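The lines below spell out each chain.
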Amino acid sequence: MFSSALISRLCTVIGVQLRYSFRLYPSAGQRTALARAFGCARVVYNDALRARETARSEGLPFPKTGKLSKQLITEAKKTPERAWLGEVSAVILQQSLRDLDSAYKNFFDGLKGKRPRMGAPRYKSRKDTRQAVRFTANARWSITPGGKLRLPKIGDVKVKWSRSLPSVPSTVTVVKDSAGRYFASFVVTGPAETLPEATPEIGIDLGLTHFAVLSDGTKIDSPRFLRRAEKRLKKAQRALSRKEKGSKNRDRARHKVARAHAQVADARREFHHQLSTRLIRENQAVAVEDLAVKGLARTRLAKSVHDAGWSAFVAMLEYKAARYGRTFVRVGRFEPTSQVCSACGMQDGPKPLHVRVWTCRACGAVLDRDTNAAVNVAKAAGLAVSAHGAQVRPGPVPAQRGEAGTHPTPQPSTAR
Ligand SMILES: [Zn+2]
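Residues numbered from 1 in each chain as written. Predicted model: local features only at pLDDT ≥ 70, side-chain atom pairs only at ≥ 80, totals over all residues.

Asker: Looking at this model, I keep getting lost on the confidence of the model for the chain. Mind explaining?
Answerer: Detailed reading of the predicted model is not advised wherever pLDDT is low. For the chain, per-residue confidence averages 82 on the pLDDT scale, and residues scoring 70 or more make up 83% of the total. Segment residues 397-416: pLDDT under 50, and 30 contacts once partners within four positions in sequence are set aside and those in other chains are kept. (pLDDT = per-residue confidence, 0-100. Contact = placed C-beta atoms within 7 Å.)

The structure is reproduced here in structure tokens:
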């Protein structure tokens, strides 16, 4: 399928780390083996955390990972209490210690102010919503000629390959989510792809009435598959609230809600992927408003509903732009994008949310609120966009005189 020599050469030139996730369908026996693997990885993690916390409370030096690996994996396997650690791949246990290392590193870096503060590492529980184990190349996992995922001490697991991998992955993480579904997440160092040159440059306004509005006038709403998933989730939540506490039915309903949540998350991610890929393909440069700045203008409710989705979407735009050699601009400082006429630059003051179309008092252009904001985002980013998209009607003149108020004389538009 791939020439590995070619791939490794490309990867050293342009290494882009990408993650590819696929649904897994383990058999009953494989599910038991995976449960054992999750359990062993968790026990080693917790043992190591306990060893370090004990050392700290006794004023002893921080135990090194090599020492913990020997003590909590190699030696522990020889004791009756931990003999069962031998039933799983040793690599996932090593990787579990690595995870603890990075949890500590993030925690200490936070204390030193190198990154946002994080809590200290915490004990893992069987009840955690997400269970995961990681197999590196050392574990000798593979993809069989029949397209199954061969995992050491687990077996050949059925995979639903929804797209092809750009190169041979080195690591696979097997995840079980809160809805009881299994996924394989591959890390691939991929060669950057090149896209044909595209001329358009575009500004995007992320809004409440539409998911996104483009500076060329295109309005994009959530697709039907996402709205349907959201509807199913609401229904499941209502059903759950009607179930008696502690009843078996309530357990079942709770499971349904978890599934519906996962489906909404998946549908949303799929939509973000489709849209971000399309925008990056079709445009040479893309500009969005910084969400932290945008958030200031919103109510807390609106923020909580939309911001999570937006930042995931913007992150996709950013990495895809980097990957395909497109320009990505985040408009950082506060721009009153919905108050300025994109045709003549006049600042017209704030407008209540229900005002969807307004007329510029200076040049008479009739502007679509959202598209006008998108054009202003693009302009603030220094992109070459036309203001035409924002105009429901350009302002040809004498007819507008009455509305134009204090600026009766039309001014030449900068953008035309
Ligand atoms: Zn104007």
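Asker: Just checking my understanding: could you explain helix H5 (residues 224-242) for this structure?
Answerer: Owing to its 3.6 residues per turn, the α-helix brings residues three or four apart onto one side. The end-to-end C-alpha distance of H5 is 28 Å, a good match for the 27 Å that 19 residues give at a rise of 1.5 Å each. Listed in full, the buried residues belonging to H5 are Leu-226, Ala-229, Leu-233 and Ala-236. In an axial view of H5, the angular spread of the buried residues amounts to 85°, which keeps them on one side of the axis. Opposite the buried face of H5, by more than 90 degrees, sit the exposed residues Arg-224, Lys-231, Lys-234, Arg-238, Ser-241 and Arg-242. If you follow the buried residues of H5, they end up packed against helix H6 (248-282). (Helix = DSSP H or I, 4+ residues; strand = E, 2+ residues; numbered from the N terminus. Expected span 1.5 Å × (residues − 1). Buried ≥ 20, exposed ≤ 12 C-beta atoms within 10 Å, placed from the backbone. Arc of directions from axis to C-beta.)

Asker: Just checking my understanding: could you explain unusual backbone geometry for this structure?
Answerer: Trans peptide bonds make up most of the peptide bonds, and negative phi angles are found at most residues other than glycine. Unusually for a residue other than glycine, Arg-140 sits at a positive phi of about 55°. Here Arg-140 shows up in the loop between strand E2 (131-135) and strand E3 (142-143). Owing to 12 C-beta atoms within 10 Å, Arg-140 belongs among the exposed residues under this scheme. Backbone geometry at Lys-153 places phi at a positive 65°, although glycine is not the residue there. Looking at where Lys-153 falls in the secondary structure, it is placed in the loop between strand E4 (149-151) and strand E5 (155-160). Using a count of 14 C-beta atoms within 10 Å as the deciding quantity, one classes Lys-153 as partly exposed.

Asker: Any chance you could explain helix H2 (residues 28-57) here in plain terms?
Answerer: The terminal C-alpha atoms of H2, which comprises 30 residues, lie 43 Å apart, in line with the 44 Å expected from a rise of 1.5 Å per residue. All of the buried residues in H2 are Leu-34, Ala-37, Phe-38, Cys-40, Ala-41, Val-44, Tyr-45, Asp-47 and Ala-48. Contact partners of the buried residues in H2: helix H3 (65-75), helix H4 (90-111), E2 and strand E6 (171-176).

Asker: What am I meant to see in the sheet that holds strand E8 (residues 201-206) here?
Answerer: Two strands in a sheet stick together by hydrogen bonds in their backbones, pointing the same way (parallel) or opposite ways (antiparallel). One open sheet holds the five strands; their spatial order is E10-E9-E8-E11-E12, and the pairing between them is mixed. Since the sheet does not close on itself, it has two edges, and those belong to strand E10 (219-220) and strand E12 (327-331), each with one partner. The sheet contact formed by strand E9 (residues 212-214) and E10 spans two bridges and is antiparallel. Its bridge partner being in E10, Val-213 is matched across the sheet by Lys-219. Against the sheet, helix H9 (residues 369-380) touches E8, E9, E10, strand E11 (285-289) and E12, its axis set at about 125° to E8. (Pairing = 2+ DSSP bridges. Axes fitted to C-alpha atoms, helices over the stretch in contact; angles between N-to-C directions.)

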